[in-house]
Amino acid sequence: MVVLCKKTMLLTLVSTLLLGLLSVSCLSELQRFEHAVKPDGSLSFLVVGDWGRRGLYNQSEVALQMGIIGEKLDVDFIISTGDNFYDDGLTGVHDPAFHQSFTDIYTSPSLQRQWYIVLGNHDYRGNVEAQLSPILRKIDNRWLCMRSFILNVGPEMVEFFFVDTTPFVAKYFTDPEDHVYDWDYILPRKNYLKNLLMEVESALRESTAKWKIVVGHHTIKSAGYHGNTDELVNHLLPILQAYDVDLYINGHDHCLEHISSTESPIQFLTSGGGSKAWKGDVKWWNPQEMKFYHDGQGFMSVQMTQTEVDIKFYDVFGNVLHKWSTSKQLSSAM
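Residues numbered from 1 in each chain as written. Predicted model: local features only at pLDDT ≥ 70, side-chain atom pairs only at ≥ 80, totals over all residues. Heavy atoms only, no water.

1. A few points about the sheet that holds strand β9 (residues 247-250)
Part 1: Strands sit in the order β1-β6-β7-β8-β9-β11-β10-β12 across an open sheet of eight strands; the sheet is mixed. One side of each edge strand has no neighbouring strand; the edge strands of this open sheet are β1 (32-35) and β12 (290-294). Here the average twist between neighbouring strands, direction ignored, is 15 degrees.
Part 2: Sheet topology places strand β6 (residues 149-153) next to strand β7 (residues 158-163); five bridges connect them, and they run antiparallel. Bridge pairing links Val153 to Val158 in β7. (Pairing = 2+ DSSP bridges. Helix = DSSP H or I, 4+ residues; strand = E, 2+ residues; numbered from the N terminus. Axes fitted to C-alpha atoms, helices over the stretch in contact; angles between N-to-C directions.)

Rendered as structure tokens:
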């Protein structure tokens, strides 16, 4: 009864947040992509974020271990949580950084799979359209980067909702310091965010997938340098809670991290250790929620079936630092 009441309150909150938006916004659907599961019905993938430094800061070493683990798990694809090119994104589709930080780094056979990629705040400091351009896909067909999109895997097994989180953060607009951000197609910001929130809410509401995973660059919950992203806590998190999202996966903080929640079953997973990490930069967090924190480089793997999810975090040497698993029962036919 308590759970039902809480769910009703969340849905009411989401409705309140979105009420009236239709009068000023035109709802459109997020673009969808399909990816098959393995013949046995399972899925495995890697997650890495905050990586593009031309191989420096142990980016090449992390890539090497990703290749080794990717082969062991026979990964189906790789997810990037953003900040793909430091410090200021790409200058254009022919920027050599694309080869120097991506194509020439992730060379292992197991990493020659589709990459599903979101943008980070550093990517917005360059030419955003370059990363979104189909020209890059022709240069390296692994590359698939969009602002926001949906990935369907298996017949109603799992849906991934990739969300463009950078425009949520007010300080990039009000106090950009010395940085210049590429806000083409974002302004007016208020309308962009309204549309995006409605699209995400609509997609989650209509989803019949067994598992729901949301991917964004910015943190919702984190004990790292950046900490929580208040704008996402206030506007995105209530939607995730209302529609039973299982995992929120992000980068932004240059660490590896797993936080649970006393408010919902959502697991908050940070994989932002693709290159430069921030040693010792960690804040106190409720030990009931903090399951794991590593202030160094590394990446994450996820193995899934219809009924189980297994997550592992690896350091720069490929050592397993943390494991977590959960399961769900298959729905009975009525």
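Moving on from the model shown.
2. Observations concerning unusual backbone geometry
Part 1: Asp87 follows Tyr86 through a cis peptide bond whose omega is -5 degrees.
Part 2: Tracing the chain through its elements places Asp87 in the loop between β3 (77-80) and α3 (97-103).
Part 3: Cis rather than trans, the peptide bond between Leu187 and Pro188 has omega equal to -5 degrees.
Part 4: Examined against the element boundaries, Pro188 turns out to sit in the loop between α6 (171-174) and α7 (189-206).
Part 5: Phi at Asp244 takes a positive value of approximately 55 degrees, unusual for a residue other than glycine.

3. Brief notes about the nonpolar core
Part 1: Counting residues in hydrophobic clusters, the biggest one holds 66 residues, and the most contacted among them are Met66, Tyr106, Trp143, Leu236, Leu240 and Tyr248.
Part 2: In terms of residue count, the dominant contributor to this core is α7 (seven residues).
Part 3: Membership of the second largest hydrophobic core comes to 32 residues, among which are Leu43, Tyr116, Val118 and Val302. (Core = buried A, V, L, I, M, F, W, Y, C linked by side-chain atoms within 4.5 Å. Buried < 20%, exposed > 50% of the residue type's maximum accessible area, 1.4 Å probe, protein only.)

4. Describing the layout of surface pockets
Part 1: The calculated volume of the largest pocket comes to roughly 380 Å³.
Part 2: Taken together, 20 residues form the lining of the largest pocket, with Asn121, His122, Arg125, Tyr225 and His226 sitting closest to its centre.
Part 3: Residue composition of the lining of the largest pocket, by class: six nonpolar, six polar and eight charged.
Part 4: What the second largest pocket holds in volume is close to 300 Å³.
Part 5: The element best represented in the lining of the second largest pocket is α7, accounting for four residues.
Part 6: For the lining of the second largest pocket, the per-class residue count stands at six nonpolar, four polar and four charged. (1 Å grid on protein atoms, 1.4 Å probe; cavity = no way out; pocket = protein on both sides within 12 Å on 5 of 7 lines; lining within 4 Å. Points joined across faces, edges and corners; volume = space filled by probe spheres on them. Nonpolar A, V, L, I, M, F, W, Y, C, P; charged D, E, K, R; others polar.)

5. Some remarks on the side chain of Lys38
Part 1: Among the structural elements, Lys38 can be located in the loop between β1 and β2 (43-48).
Part 2: Here Asp76 takes part through its side chain, which lies 2.6 Å from a polar atom of the side chain of Lys38.
Part 3: If sequence neighbours within four positions are ignored, Lys38 has contacts with Leu43, Ser44, Leu73, Asp74 and Asp76. (Polar contact = N/O pair within 3.5 Å; in protein donor to acceptor, adjacent residues only side chain to side chain. Contact = heavy atoms within 4.5 Å.)

6. Remarks on α7
Part 1: End to end, α7 covers 26 Å across 18 residues, agreeing with the expected 26 Å (1.5 Å per residue, within 8%).
Part 2: Counted residue by residue, α7 has 13 buried out of 18 residues, so it is predominantly covered. (Expected span 1.5 Å × (residues − 1).)

7. Some details on the environment of Val153
Part 1: Inspection of the secondary structure assignment puts Val153 in strand β6.
Part 2: The sequence separation of Val153 and Gln100 amounts to 53 residues, and the corresponding C-alpha distance is 31 Å.
Part 3: Once residues lying within four places of it in the same chain are set aside, the contact partners of Val153 are His35, Ala36, Val37, Leu43, Phe77, Val158 and Phe160.

8. Thoughts on the packing of aromatic side chains
Part 1: Evaluated as defined, the whole model comprises 28 aromatic pairs.
Part 2: A ring pair is formed by Trp51 and Phe85, whose centres lie 5.6 Å apart and whose planes are at 65 degrees; its orientation type is edge-to-face. Of this pair, Trp51 sits in the loop between β2 and α2 (59-73) while Phe85 sits in the loop between β3 and α3; the two residues are 34 residues apart in sequence, bridging distant segments of the chain. Both residues of the pair, Trp51 and Phe85, count as buried.
Part 3: Aromatic rings pair up to connect Phe33, Phe45, Phe77, Tyr116, Phe149, Phe160 and Phe162 into one cluster.
Part 4: When the ring centre of Tyr57 is taken as origin, the NZ or CZ atom of Arg53, which lies over that ring, is 5.3 Å away. (Phe/Tyr/Trp six-rings, centres within 6.5 Å; stacked < 30°, edge-to-face > 60°. Lys NZ or Arg CZ within 6 Å of the ring centre and 35° of its normal.)

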